[in-house]
Each structure stands twice: as C-alpha cells, then as structure tokens.
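The primary structure of each chain is shown beneath.
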There are 2 protein chains.
Amino acid sequence: MGALILEPLARPDGMTTHEYAHRRLRQAIMVGSIRPGESLTIRGIAEAMESSPTPVREALRRLSSEGALKVLDNRRIMVPKMTAERFGELIALRAVLEKHAARRAVAHITERQIDRLVEIDTAQDEAIARKDNATALLLNQEFHRTLYTANPDQIIMPMVESVWLQLGPFLGIAMEHVALLYFVDRHQEAIAALRKRDADAVAEAINADICEGIGGFERAAIENLLRLARQ
Amino acid sequence: MGALILEPLARPDGMTTHEYAHRRLRQAIMVGSIRPGESLTIRGIAEAMESSPTPVREALRRLSSEGALKVLDNRRIMVPKMTAERFGELIALRAVLEKHAARRAVAHITERQIDRLVEIDTAQDEAIARKDNATALLLNQEFHRTLYTANPDQIIMPMVESVWLQLGPFLGIAMEHVALLYFVDRHQEAIAALRKRDADAVAEAINADICEGIGGFERAAIENLLRLARQ
DNA sequence: ATTTTGGAAATGTGATCACAAAAATCAATA
DNA sequence: TATTGATTTTTGTGATCACATTTCCAAAAT
C-alpha cells in the first residue's frame, strides 16, 4: 500500500481543517497527480495530512459532489476512470460553458480587468517559454477565471471548475507520456475582442482556445494515451 | 426559533444516514420549502431527522458544493438569497446547459425511451389538469432527466440539477404568491423532433420550454415577487 | 430611550470511539 | 497447484464529547 503523497499547501489561518483538506485534495486531482483507480482511504488521507477522519470525509463528500471523485457501490472512493467518450463529453461541455461565461462577462468587464488579463497572459507565455508546465496551467486557469468572474452575478464558475477538475486525470496521464503539453492559446484574440466589446468574437476566441488547446487531442491520440496509462 | 419542518421521505435500506439527510434537504430546497435567509443549524437538522451532527454536516457540505446552500463568513449556513439578476443568470444558464444536453442525447435515445417520454408528458398534463403542482413539477423534471440521461456518457446532469436546486427558492416564493404556476410546455414539440432525429429542433424545443416556462417571468414580476417575499 | 456589557446558551468544528461491513491474509482441503 | 473457508485486518460510518467562537438576552450605564 503506497502512502499517499500530497503536496503541502499554505494554510491561511482561520481556514478550517475540512476546507484545507478539500483544497489540498482538489489541487492534487486538478493537476492529475492522483491516478484513476488509485484507492483513496479516509484514514490514509487523514494520516497524510495529520488530522482525523471527520474533516477528511467532509472534503471527500464535497469533491464527489463536484464530480472530482466517485463513490463506488463498495463505498470505496476513487478518481473516475477516463475514457475517450468521457473526454469528448468533457471538452464539449467545457466549450459550451465557457463560451457562455465569456459572453456574459463582456458587458461587465472593466478596462482595468482587461489589463489584468494581459498581465496574466504574458506571465503564462513566460512560463511556457521556460517549459514550466505547472505554472502555465495555473496561469491559464487564472486567465479564464478572471474573465468569467468579471460578471458579478455569475453562477457558472463552480461548474467550469468542476469540468477542469474532471479533466485533471487526463492532464496527469498526458503529462506522463507526452513530454510537454502543447500550449496554443487564443488569449490575445480574446483580449482584442474584449476591448472592442464584441461578445460574439470573445465567445469564439474562447471556443477556439479550448478546442485547439486540450480539446485538440485527436481521438486516436487519446485512446493511445489511455491504453498506455492502463498498463 | 421555529422548528424545522422536513417532509418525511422513504429511506431505502442500505442508504447511509448522510445520504438520506442529503436527499431530504435537497428535496426540501428543490421545491422551495426552505426560505432564503432561514437559519439552518446542524444540530437542529440532526434533531429533526433523529440522527447526529456528523452525517448532517456531510450532507450540508455536499449541498453547498452543489450551489444549493451558502456558507456565510459566520460559518452559518443558509439558502442563497434570490435577486432578479441571479434569477436571470440561472435561467440563461439553464437554457444553455439543457439545450446542449438535449442535443447530445438525440443520437443515443431509443424509440423505447421516446415512448417513455410520452408517458411522462401525459402524466404531467394530467397533474396540471387537476392542479397538482407538486407532482407536475416532479414529472417535468423527470421528463428532462429522462431525455438528457439517454446519453450514456453524459456528464452534465449534476450541473442541470444544480441549477434546478438554485431555482428552488424562487419556486417557493412564486408558489406562495401566485396561485398556481402557469405551465406551458413544449414537450410534444421536443418529442416530435426526437422522432425525426432533428437535433437542432430538439434543442430549440427545450430552449422554448425553459424560456416560456419558468423563464417567462418578466423582470417586473420577479422584482415584485421578491419584494413581497422580503417582507 | 439607547447603548454597553456581562454571562449564559447555542453553534460549528474536529478528535475519538464503537460497530458493521468489506478486504486481505493464511491455513486447510480438494 | 488451485480453491475454499475461517480469521484477522482494514475501512466506512455515525454517535458522542470537548473546545472555541458566536449569538442572544438581560441588566447596568450613559
């Protein structure tokens, strides 16, 4: 039984234990560092983060409601298995959700916030240039999140994050077998469209960003990756 | 402190306590029987369903991850307040999600399943005819759920249900102040389109069903309802 | 009358314990 | 050697308890 490895994570004070457990597990899943099928035990996790079963269970419940984990009939908890079909559904859903989120942000976003997007994008390009995949991934997420949350009444962000979470295991597999993730982004296109307040163009840029980014994997490539991972 | 009223609910055996608590609270929220702002206490709920804090807390965590509940800074838990803006976001999101879910179900649904949709729709019409709003609501949900889950790899259903949950409080308010919910539905249109395997027409029927149903409330009417409820 | 303040009650949180079910281990048998 | 069966260990679950924080309420002060 291999011990669970969990990246330590800063814990702001006032943060409850279950919240901390949730964040730490979530981050691990998001970057694909927990393998589908790997058995997660409550006591194991509690021990790994030096706490007790109660708050860990709360974290696991939340993650299962977010689609990041699946409870089996045995009541065992695991990261859902990835299939080519599921991957396709996730990408299609991601595109629909984020197109919509982007479109509804256009009316609310300020020039100041667009400037912030530019900052994030250049930081991401630098990370890509120095082949720092982890940082690039985080900055890419921050770009999208900053855009979508410009809408103050926005409700969609938790769902977008749920899709990101569910794509995590695929990222993990891809990173293991492909040297580096090919990063195309259409962020500049999105920024230009935002400046012009052209909602359709923004939505289309985000759509292309997703479809040509992680969504660009060919079905054959996906099945190949999954076959490699299975063994 | 008014005691919490919770509809008793059948508990299939093998169902865990936290799961049961989750389902019961979820159903109460979904039909709007818990008012926004009403304070929910863990011990209160535990007492109401004759269990203990631990499983109730797990249920509350799940519901907050599903957007049905919100944890305040006080760590108090409540049903989110409804505003006209939030309502608008929810309806727009609901339309986008369900159009997509419907479209992606078309290729998978069987004639047998379409027959089932017809059954559900006629049962709903009967419920509407006898002014049985609660049953009509449930059957309407079952219609949509049956359609969307025809796609075996579907991933979107939890998100659709999350939106339904978040609309719950509005339903509660509307039911209190409007004698009966005006039920227009475009189900027959959707069924006809399904028989023809016309994905665009299915999506459009679902879109109309949502926009002319609960989404059809005018902004003025919404603000009026919310003002009435506040007092 | 309004505000302040003190303590009592209520509440969220997390650790621990006991129990039952599931999984794993190992010995005995075919 | 493979398989069955019993025992041991592991695991999920939920009740309970102790602690810290917040809320509530009444009495006192301004």
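Residues numbered from 1 in each chain as written. Chains lettered and ligands numbered in written order. Predicted model: local features only at pLDDT ≥ 70, side-chain atom pairs only at ≥ 80, totals over all residues. Heavy atoms only, no water.

## A short note on the overall build of chain A
- A count of helices and strands for chain A gives ten helices and two strands.
- A compact globule built from 231 residues should have a C-alpha radius of gyration of about 17 Å, and chain A, at 18 Å, falls within 12% of that.
- In terms of principal-axis extent, the alpha carbons of chain A reach across some 55 × 45 × 35 Å.
- By residue count, 49% of the 231 residues in chain A fall in the buried class.
- For chain A, the share of sequence-separated contacts (at least 6 apart) that also reach a separation of at least 24 residues comes to 71%.
- Approximately 11100 Å² of chain A is accessible, and the part contributed by carbon and sulfur atoms is 50%.
- In chain A, 30 side chains carry a positive charge and 32 a negative one; their mean positions are 6 Å apart. (Helix = DSSP H or I, 4+ residues; strand = E, 2+ residues; numbered from the N terminus. Rg over C-alpha atoms; globule rule 2.2 N^0.38 Å. Buried < 20%, exposed > 50% of the residue type's maximum accessible area, 1.4 Å probe, protein only. Contact = heavy atoms within 4.5 Å. Areas by Shrake-Rupley, 256 points an atom, 1.4 Å probe, with all protein chains shown as cover. Lys, Arg positive; Asp, Glu negative; His and termini not counted. Charge placed at Lys NZ, Arg CZ, Asp CG, Glu CD.)

## What to know about the protein's contact with DNA strand C
- Surrounding DNA strand C, one finds 20 residues, the nearest of these being Thr 17 and Ser 52 of chain A together with Ile 42, Arg 43 and Arg 61 of chain B.
- Within the contact set of DNA strand C, a phosphate oxygen lies 3.3 Å away from a side-chain nitrogen or oxygen of His 18 of chain A.
- A distance of 3.0 Å is found between a phosphate oxygen of DNA strand C and a backbone nitrogen or oxygen belonging to Ile 42 of chain B.
- Looking at the surface near DNA strand C, the elements with two or more residues in it are α1 (17–30) and α3 (53–65) of chain A together with α2 (42–48) and α3 (53–65) of chain B.
- The dominant element in the surface near DNA strand C, judged by the number of residues it contributes, is α3 of chain A, at three residues.
- Considered class by class, the residues forming the surface near DNA strand C number five nonpolar, eight polar and seven charged. (Near = heavy atom within 4 Å. Polar contact = N/O pair within 3.5 Å; in protein donor to acceptor, adjacent residues only side chain to side chain. Nonpolar A, V, L, I, M, F, W, Y, C, P; charged D, E, K, R; others polar.)

## Side note on the interface of chain B and chain A
- Each side of the interface is counted separately: chain B has 31 residues, and chain A has 31 residues.
- In this assembly, chain B packs against chain A so that about 2800 Å² is buried in total across both faces, 62% of it on carbon and sulfur atoms.
- Scanning the region where chain B abuts chain A turns up six salt bridges.
- Of the charged contacts, one joins Arg 104 of chain B and Glu 89 of chain A as a salt bridge, the two residues approaching to 3.3 Å between their closest N and O atoms.
- In this structure, the connection of chain B to chain A is made through 16 residue pairs in polar contact (both at pLDDT 80 or more).
- Looking at the side of chain B that touches chain A, the elements that each hand over two or more residues are α3, α4 (84–106) and α7 (157–177) of chain B.
- Among the elements that line the side of chain B that touches chain A, the one with the most residues is α4 of chain B, at eleven residues.
- The residue makeup of the side of chain B that touches chain A, split by class, is nine nonpolar, eleven polar and eleven charged. (Buried area = accessible area lost by both parts, 1.4 Å probe. Salt bridge = Lys/Arg side-chain N within 4 Å of Asp/Glu carboxyl O.)

## Details of the domain arrangement of chain A
Residue and element names in this part refer to chain A.
- Along its sequence, chain A is organised into domain 1 (17–78) and domain 2 (84–230).
- On a C-alpha basis, the centres of domain 1 and domain 2 stand 25 Å from each other.
- Between domain 1 and domain 2 lies a buried interface of about 1000 Å² when both sides are counted; carbon and sulfur atoms form 61% of it.
- It is Arg 26, Met 30 and Val 31 that lose the most area in domain 1 upon contact with domain 2, and together they represent 45% of the buried surface on that side. (Domains from an automatic or database assignment.)

## Points about the side chain of Arg 62 of chain B
- Residue placement: Arg 62 of chain B occurs in helix α3.
- Filtering out sequence-adjacent residues up to four positions away, Arg 62 of chain B remains in contact with Arg 61 and Ser 65 of chain A together with His 22 of chain B.

## Description of the environment of Glu 50 of chain A
- The residue Glu 50 of chain A is located in the loop between α2 (42–48) and α3 in this model.
- Considered as a pair, Glu 50 of chain A and Thr 16 of chain A are 34 residues apart in the sequence and their alpha carbons are 14 Å apart.

## With respect to the relation of the copies chain B and chain A
- Overlaying chain B on chain A yields an RMSD of 0.0 Å, the required transformation being a rotation through 180 degrees with an accompanying axial translation of 0.0 Å. This pairing of chains is accounted for by a two-fold axis.
- A share of 100% of interface residues in chain B that are also interface residues in chain A marks the association as one of identical surfaces. (Least-squares fit on C-alpha atoms with pLDDT ≥ 70 in both.)

## Thoughts on the UniProt feature "domain: HTH gntR-type" (unreviewed entry) in chain A
- Per the UniProt record, "domain: HTH gntR-type" (unreviewed entry) is found at residues 15–82 of chain A.
- Taken end to end, residues 15–82 of chain A is 50% helix and 6% strand, and its first and last C-alpha atoms sit 32 Å apart. (UniProt positions renumbered as here; feature names shortened; annotations may be inferred.)

## Quick look at the protein's contact with DNA strand D
- Around DNA strand D sit 20 residues in total, of which Ile 42, Arg 43 and Arg 61 of chain A together with Thr 17 and Ser 52 of chain B are the nearest.
- Counting only atoms of DNA strand D within 4 Å of the protein, the fraction found in sugar and phosphate groups is 54%.
- Counting residues per element, the ones that place at least two in the surface near DNA strand D are α2 and α3 of chain A together with α1 (17–30) and α3 of chain B.
- By residue number, the principal contributor to the surface near DNA strand D is α3 of chain B, which donates three residues.
- Here the residues of the surface near DNA strand D sort into five nonpolar, eight polar and seven charged.

## Quick look at the packing of helix α4 (residues 84–103) of chain A against helix α7 (residues 157–177) of chain A
All names here are of chain A.
- Orientation of α4 relative to α7, taken along the N-to-C sense of each, is 150 degrees, at an axis distance of 10 Å. One way to sum up the angle between α4 and α7 is to call them roughly antiparallel. At the point where α4 passes α7, the crossing takes the left-handed sense. Contacts between α4 and α7 involve Arg 86, Phe 87, Leu 90, Ile 91, Leu 93, Arg 94, Leu 97 and Glu 98 from the first element and Met 159, Val 160, Val 163, Trp 164, Gln 166, Leu 167 and Phe 170 from the second.
- A breakdown of the residues in the contact of α4 with α7 according to their chemical character gives eleven nonpolar, one polar and three charged. (Axes fitted to C-alpha atoms, helices over the stretch in contact; angles between N-to-C directions. Parallel < 35°, antiparallel > 145°, perpendicular 65-115°, else oblique. Left-handed = near helix turned anticlockwise from the far one by under 90°.)

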